[in-house]
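# Chain and residue survey
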Amino acid sequence: MAKELASLMKNELADVQPSAILQFDKDVSQIPDIVKLTLGEPDFNTPDHVKNAGEASIAADHSHYTQSPGLPALRQAIATFLADKYQAHYDPNDQIITTIGASGAIYASLTAILNPGDEVIVPIPTFPQYLPIIKLNGATPIYIDTSVDDFILTPEKLAATLAAHRDKVKAIVLNYPTNPTGVTYRHDQLAAFVAILRQYDIFVISDEIYSELTYGEPHVSLGALLPEQTLLINGVSKSHAMTGWRIGYVAGPAAVIAKVGLVHQLTATAAATMAQEAALEALQAGPDDGLQMKVAYQERRDYLVKELNKLGFVTAEPTGAFYVFAKIPARFGQDSLAFAYRVAREARVAVIPGSAFPAGEGYVRISYAASLAKLQTACQRLAAFVAAK
Ligand SMILES: Cc1ncc(COP(=O)(O)O)c(C=O)c1O
């Protein structure tokens, strides 16, 4: 009976697979003493002042629903944070929704704008989660493969892709700093994109969840450069080491945000009250909490890139997030899944196979959201593995 019912489910789900990243991580976690450089979450703990605010919220019995878009004070704090940090100006009353992680913001935004038959431009490799959501909404992702351009989207390819798909394209999903490549964009590069995007009536879903983690120039937000078309997605998961609290947000034009808010309301009602109060403390009292973590990430990045290069892994210098996307040396073949399992078993180092990302075959993603000591152990083990081959 259960089997028959399972065959009656939503057609679009037939193609959707569980996260390849989580599956790989689960598989290799069984290996004793493995050093895991797999997951995209800070190894730091949530700052104490933020934890205290969460505890105080529980103790004060703030265990009731908030307004669906989130506590007014939190929306004000988000607006202030975006204005102070990125010169992106939003009205907390009707232009910001607090969601369940950036994931909730991505889901609500895509679901609110897509009709069956729409096309969505997605530069790849990128965070895989956008793709099944696009497909569940009956829309089609149109890829721009950036691997041939050092993982940098070029204005020429953006313009050509938009022109070729002008009849059906509804949106573009940009993510920068980019998971998994660590690439980010400067003001002049973004300005070139904006000049092109302005020519089309399309939405720009701009996932800027790693905005506090740039290692060169400060982050520039499309919320500042192209507010009339942008749905700006961000959250406290990475900036404040708060992945488990599940607080993200989306900001955009009021009429658009009203519809995105409906999807959020239908799926979540509201984000958890005590987590919202913790996020309020994080943004209000600790807007720069992420900067201390960034200093550590930068040191780790420098170390990891240098060591990987010595071992023959070619990497672009990542300018944001906390990932290195490394080309597998030719003599190991380019099957990234086979390579990653081999490294896991033989070197006891876990890295994510590039095949978990579209256009990522032949690479591995190495997260440096791990202590320097762990990275040193991982590099020693990798060196021994490489030397033995
Ligand atoms: C690019 C990108 N967007 C969104 C998310 C999800 O963020 P959250 O945990 O706030 O839902 C991640 C998590 O790894 C990510 O890499």
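Right, let's walk through the structure included here. (Residues numbered from 1 in each chain as written. Predicted model: local features only at pLDDT ≥ 70, side-chain atom pairs only at ≥ 80, totals over all residues. Heavy atoms only, no water.)

A separate point is unusual backbone geometry. Note that the residue after Tyr176, namely Pro177, is joined by a cis bond; omega there is -15°. Structurally, Pro177 is set in the loop between strand S5 (169-175) and helix H8 (187-197). The omega torsion across Asn179 and Pro180 is 20°, close enough to zero to call that bond cis. Examined against the element boundaries, Pro180 turns out to sit in the loop between S5 and H8. The phi dihedral of Gln87 is positive, around 55°, even though this residue is not glycine. Relative to the elements of secondary structure, Gln87 occurs in the loop between helix H4 (72-86) and strand S2 (96-100). One non-glycine residue, Arg246, lies in positive phi territory at about 60°. Topologically, Arg246 is positioned in the loop between strand S7 (230-235) and strand S8 (247-251). (Helix = DSSP H or I, 4+ residues; strand = E, 2+ residues; numbered from the N terminus.)

Here the focus is the site of the ligand. Around the ligand lies a shell of 14 residues, among which Ser103, Asp207, Tyr210, Ser237 and Lys238 are the nearest. Asn179 places a side-chain nitrogen or oxygen 2.9 Å from an oxygen atom of the ligand. The contact in question runs from an oxygen atom of the ligand to an N or O atom on the side chain of Lys238, over 2.7 Å. For the ligand, whose free accessible area comes to 400 Å², the fraction covered by protein is 92%. (Near = heavy atom within 4 Å. Polar contact = N/O pair within 3.5 Å; in protein donor to acceptor, adjacent residues only side chain to side chain. Areas by Shrake-Rupley, 256 points an atom, 1.4 Å probe, with all protein chains shown as cover.)

Moving on, we get to the sheet that holds S7. The mixed open sheet is built from 7 strands, whose spatial order is S2-S8-S7-S6-S5-S3-S4. For this open sheet the edge positions go to S2 and strand S4 (140-145), each flanked by a neighbour on one side alone. For this sheet, the mean angle separating the axes of adjacent strands, direction not counted, is 25°. The sheet contact formed by strand S6 (residues 203-207) and S7 spans 4 bridges and is parallel. Bridge pairing in S7 links Asp207 to Ile233. Of the strands in this sheet, S2, S7 and S8 are in contact with H4, which crosses S2 at around 105°. (Pairing = 2+ DSSP bridges. Axes fitted to C-alpha atoms, helices over the stretch in contact; angles between N-to-C directions. Contact = heavy atoms within 4.5 Å.)

Quick look at the packing of H4 against helix H11 (residues 273-285) now. Across the interface, H4 lies against H11 with an axial gap of 9 Å and an inter-helix angle of 30°. Relative to H11, H4 is oriented roughly parallel. The crossing of H4 and H11 is left-handed. Every residue of H11 that contacts H4 at Ala73, Leu74, Ala77, Ile78 and Phe81 is listed here: Gln276, Ala279, Leu280 and Leu283. In the contact of H4 with H11, the residues fall into 8 nonpolar, 1 polar and no charged. (Parallel < 35°, antiparallel > 145°, perpendicular 65-115°, else oblique. Left-handed = near helix turned anticlockwise from the far one by under 90°. Nonpolar A, V, L, I, M, F, W, Y, C, P; charged D, E, K, R; others polar.)

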